[in-house]
Amino acid sequence: MKLKRIFAAVTAFALCASLAGCGASASVSESAAETTVEATPAVTEAPDAPATEETADASEAALRIAGLKGPTTMGLVNLMSDEVASNYDFTMYGAADEIVPLLVKGDLDAAAVPANLAATLYNKTNGAVEVACINTLGVLYIVENGETVNSVGDLKGQTIVTTGKGATPEYVLRYVLTENGVDPDNDVTIEYCSEATEALSKVQAGEATIAMLPQPFVTSAMSQVEGLRVALDMNEEWQKVAGSKLVTGVLVVRKDAVENDPEAFAAFMDGYAASVEAANADLEGTAALCEQYGVVAKAALAQKALPQCNIVFETGDEMKTDLETYFNVLYAADPASVGGTLPADDFYYAG
């Protein structure tokens with residue numbers, strides 16, 4: 001109901017960007033639809049009220065949390081609108097590389113980010129951050145304008161247009177293909193585009209019939225291309241060959257923020273869990289909040305996409321198992337994708 005400040009990013013955003021600055025590089029894994037989000041004015045509790053010692057103290061004590069446009073923040077919006085939101089300082093950003101320096105310097109306490117970025121931050125900060133929960137599972141789908149693809153094996157001999165070369169989408173696609181006996185270098189042709197809109201335009205023009213796209217872009221694309229259908233859910237295909245769930249997004253938190261007030265952070269986690277539950281139960285209400293806070297451009301798109309965005313609240317051993325499997329695959333493909341080394345056990349928040 002009240003927020004200290006929520007800023008909506010104006011520029012379109014694809015989370016297959018590279019992590020830049022601070023002397024390290026890593027690929028960012030979340031892929032969101034490249035749609036323009038209308039600017040939303042900052043929301044404050046009392047815009048005209050002078051700062052007092054009490055309000056200043058409350059602001060300083062508030063947990064500072066960052067979100068990104070797209071699926072990783074969808075599960076947070078019900079908490080952002082809750083009456084306890086005054087305990088938190090939520091800020092929306094348009095790209096992950098805006099969040100990185102703030103989290104490293106301690107200007108943010110927590111952030112909903114792509115999973116492999118969390119591993120990179122752990123390495124970059126010498127273990128000063130930990131992952132608190134998985135908030136989003138796989139959001140990648142193989143779509144086809146046709147009826148030829150019903151299994152991964154059916155991709156042999158086909159051309160696939162996608163985004164994310166040298167980033168998580170490429171690693172996921174190559175791993176799933178390889179584990180199904182399809183050589184990604186010789187059995188298929190993979191054409192990489194700079195963004196999902198470019199990949200979709202090739203399908204619209206008839207230059208390609210098969211693409212790998214993320215949600216919520218898939219939902220938008222299916223309304224634009226007659227006959228386009230979801231042929232394969234990459235989350236399901238990953239689970240078949242990896243034995244664990246494909247991960248997209250997580251909540252990462254600075255350890256000092258948790259240690260400063262463990263009870264307050266535990267209360268936040270309880271609220272987050274309830275917010276995710278509401279996101280999956282109340283699609284219409286959650287979709288409206290996604291538009292309100294600039295997470296997705298339009299509520300109608302968010303409502304259609306939410307069931308396929310795999311919003312979860314996964315913690316503990318289950319979280320660790322899924323992330324370790326995911327990181328191992330990425331590390332084998334390119335160690336830089338997880339920051340150079342695999343995170344140690346202290347990366348995983350135990351509660």
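For the structure itself, consult the block above.
Residues numbered from 1 in each chain as written. Predicted model: local features only at pLDDT ≥ 70, side-chain atom pairs only at ≥ 80, totals over all residues. Heavy atoms only, no water.

Student: Quick rundown of the overall build of the protein? Include the residues and the values.
Tutor: Along its length, the protein carries 14 helices and 13 strands. For the protein, the proportion of its 351 residues judged to be buried stands at 54%. Residue pairs at least 24 apart in sequence account for 79% of intrachain contacts in the protein once pairs closer than 6 positions are excluded. Accessible surface for the protein amounts to roughly 14100 Å². Of this, 47% is attributable to carbon and sulfur atoms. (Helix = DSSP H or I, 4+ residues; strand = E, 2+ residues; numbered from the N terminus. Buried < 20%, exposed > 50% of the residue type's maximum accessible area, 1.4 Å probe, protein only. Contact = heavy atoms within 4.5 Å. Areas by Shrake-Rupley, 256 points an atom, 1.4 Å probe, with all protein chains shown as cover.)

Student: Can you break down unusual backbone geometry residue by residue, with the values?
Tutor: Backbone torsion omega between Gln215 and Pro216 reads 0°, so that peptide bond is classified as cis. The phi dihedral of Asn126 falls on the positive side, at around 55°, and the residue is not glycine. Looking at the element boundaries, Asn126 is found in the loop between helix H5 (115–124) and strand S6 (129–137). Overall, the relative accessible area of 73% leaves Asn126 in the exposed class.

Student: If you had to explain the packing of aromatic side chains to someone new, which residues and values would you point to?
Tutor: Taken as a whole and assessed by the stated rule, the structure comprises 12 aromatic pairs. Each ring, one from Phe268 and one from Tyr272, has its centre 5.7 Å from the other, and the planes form 40°; the classification is tilted. Separated by 4 residues within a single helix, Phe268 and Tyr272 lie in helix H11 (residues 262–281), roughly one turn from each other. Considered together, Phe268 and Tyr272 belong to a single accessibility category, that of buried residues. Measuring from ring centre to ring centre gives 5.9 Å for Tyr326 and Phe327, while their planes differ by 45°; the resulting arrangement is tilted. For the pair Tyr326 and Phe327, a shared accessibility class is recorded, and that class is buried. Taken together through their ring pairs, the aromatic side chains of Tyr88, Phe90, Phe265, Phe268, Tyr272, Phe313 and Tyr349 make up a single cluster. (Phe/Tyr/Trp six-rings, centres within 6.5 Å; stacked < 30°, edge-to-face > 60°.)

Student: Before we move on, could you go through helix H4 (residues 96–105) and cite the residues and values that matter?
Tutor: If you check which residues of H4 are buried, you get Ala96, Ile99, Val100, Leu102 and Leu103. Remark: Gly106 follows H4 within two positions and exhibits a positive phi of approximately 90°.

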